[in-house]
Structures are given as structure tokens and as C-alpha cells.
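Each chain is listed here by its residues.
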Amino acid sequence: MLLLFQATQAADSVQVAADELMKEAIANAEGLDKLSLITQQLIDFGIRAGERILIAVIVFIVGRFLISMLNKFVGRLMDKRKVDISIKTFVRSLVNILLTILLIISVVGALGVETTSFAALLASAGVAVGMALSGNLQNFAGGLIVLLFKPYKVGDWIESQGVSGTVKEIQIFHTILTTADNKVIYVPNGAMSSGVVTNYSNQVTRRVEWIVGIDYGEDYDKVQEVVYEILAADKRILNEPAPFVALHALDASSVNVVARVWVNSSDYWGVYFDINKAIYETFNEKGINFPFPQLTVHQG
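Looking up the protein in an unreviewed UniProt entry gives the name Mechanosensitive ion channel, with the organism given as Bacteroides difficilis. In its Subcellular location (unreviewed entry) section, UniProt records this for the protein: "Cell membrane". UniProt's Sequence similarities (unreviewed entry) comment on the protein is quoted here verbatim: "Belongs to the MscS (TC 1.A.23) family."

Here's what the structure looks like:
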């Protein structure tokens, strides 16, 4: 591509000299000769414009092909070095944007626009755009902070900025989350790096808690024993730390019993819902009553 630009610049120099000679010839010509020279100049201009457009198209096609090849090469290189997928998505996004900017400058240069002037114009515009898009620069810096300190990575289930989901990608400006109902949410990296992030996948184990209300007058020792039996029957519940069952509170219309166990993070929701079902079915079998809201009215 560099050789193509050098050849184009050399051709431009020759063409400038030819244009000067043509202008002198037109100035000295008269009548039909002058009209013929002007027509010839217009034809030459059309041919040159067509050549530049053709070269620009070729540069664009070749550039897109090279960008695709470089993106694949960078991806294979990071796969070979087993780079973390969070860094991989960020780097590929950054490389693609930088190469696309270089391609745009190359196409503009192939069209005959001075690339130095264009670069200066682009730099001036960049300052103005940078001031207008300072938030995106903050998001870019936030993405670097996320990759450096790794509060989360691709595949983690996190909660931040009022939303929660699985991290799908960490791009240069946004972190992409996929929610439980398959929505895709773009969260700015600036907010992710400076705000509170709850990572539910970072630890190997998690604690599950249930608070179950029973009627006043129920035998608490019996309830506690039944709950321990239910928990012991589920092999996904870890023995260390040991399951914990206690009287949580004496509420307005119920006695609340709390149960806490530890499970592997991947088993959290399965254990939570299955134990809910087991408590409901077992309490009904054992004659342990659940409370209903009641209102006592006294007549004076």
C-alpha cells in the first residue's frame, strides 16, 4: 500500500507539470483550438478522477481484507497465548477501530486529498470531538481499569448500576450483559469502574438462606429437627460450614425460623427452589401449620 501511495505521488508531480503546460497552451490558443484544448483538459480530468476513485476503491477493498486478516491473526495469537477472554474482546475491539481509522485516512489519501492536511484537520476535529465525548474517554479509561484490576470477567454473573446479568463482552467503551430473560444491556465502563459491582461468580461457594413462618403454638424443636432432615437429604448442601437452623423472630402473626446452608455457586438457585418445595411438602405431611394473616376484633 505504501508503494501505491509513492507511485500516486510521483504521478501527481508529473500531472502538475502537464497541467501547467496545458494552461499555457490554452492561453496561447484561439478559436476552435482553444475549445479543443479545454475539451481535452476536461477529458483528462475525468480520466484522472476515475483513476483516483478506482485506486481508492482498491485501497478500501484491500484494506478491509488486511484488517480482517489482522483481526484473525491477533485473535489466533491471543488464543495461542491463552489470553483471558475479557482482554481478548477488548483488544480486538480496539485494534479494529484503530485499523479502520488508518484505512479511512488511506482512502482519503488515495482520492488525492493531502493526508498531512487531513491529519491536521482530523486532529483538530479530534480535540473538539474529545471535549464533546469526554464521557466516552472516561469509559475507555474505565475499560482499562476493569481489565487491570479484574472486578469481573467474561462469564461472571454481576449486578451493577441497577441491572444484573452475565458478562458477555468487555469492549473499549461498554460492558455487555445478558440478563436471565435474554436481554442485552450495554453498561458504560466508566460507571462500572467507579460504581459498586456485585460479583456473584467470583467465589466458589455461596450461602443460601430461607426464612419460614410457622404458627404460634407449634413445637419449635420438632420444626427444627424436620428442617435439618430436609437439608441433610440434599447432597448438594455442603457439610462445612455446617447447616444452621434457628428461631429468627417472633413476628406479628408468625414464628419465623431461619435456615442457612452453604453450596457451590453453580448450585445456588437449584438448591434454593428445591428446598422451598421440600419444606412446603414436608410441613404439610408433618402437620406443621403455616400462618395466615389474622385480624382480631374486640367488641366493647
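### Quick notes on the overall build of the protein
Each helix and strand in the protein was counted, giving 8 helices and 8 strands. Taken over 300 residues, the protein has a buried fraction of 27%. Pairs at least 24 residues apart make up 64% of the contacts formed inside the protein by residues separated by at least 6 positions. Accessible surface computed for the protein: about 19,400 Å², of which carbon and sulfur atoms make up 62%.

### Quick word on empty space enclosed by the protein
Rolled over the atoms, a probe with the dimensions of a water molecule shows which regions are left empty. Across all of its chains, the model carries 1 cavity of 30 Å³ or more by this definition. By volume, the largest cavity amounts to about 30 Å³. Lining the largest cavity we find Asp84, Ser86, Val146, Leu147, Lys150, Tyr152 and Lys153.

### With respect to the pairing of strand β3 (residues 174-178)
Put simply, side chains in a regular strand alternate between the two faces of the sheet. Among the 5 residues that make up β3, 4 are buried, leaving the element largely enclosed by the rest of the structure. In this sheet, β3 lies alongside strand β2 (residues 163-170) in antiparallel orientation, the contact comprising 4 bridges. By the bridge assignment for β3, Glu169 is matched with Ile176. Between β2 and the antiparallel strand that follows it, β3, lie 3 residues. Pairing geometry for β3 and strand β4 (residues 184-188), over 5 bridges, is antiparallel. The residue of β4 that forms the bridge with Leu177 is Ile185. Two successive antiparallel strands, β3 and β4, enclose a turn made up of 5 residues, where Asn182 displays a positive phi of approximately 70°.

Quick notes on the rules
Residues numbered from 1 in each chain as written. Predicted model: local features only at pLDDT ≥ 70, side-chain atom pairs only at ≥ 80, totals over all residues. Heavy atoms only, no water. UniProt positions renumbered as here; feature names shortened; annotations may be inferred. Helix = DSSP H or I, 4+ residues; strand = E, 2+ residues; numbered from the N terminus. Buried < 20%, exposed > 50% of the residue type's maximum accessible area, 1.4 Å probe, protein only. Contact = heavy atoms within 4.5 Å. Areas by Shrake-Rupley, 256 points an atom, 1.4 Å probe, with all protein chains shown as cover. 1 Å grid on protein atoms, 1.4 Å probe; cavity = no way out; pocket = protein on both sides within 12 Å on 5 of 7 lines; lining within 4 Å. Points joined across faces, edges and corners; volume = space filled by probe spheres on them. Pairing = 2+ DSSP bridges.

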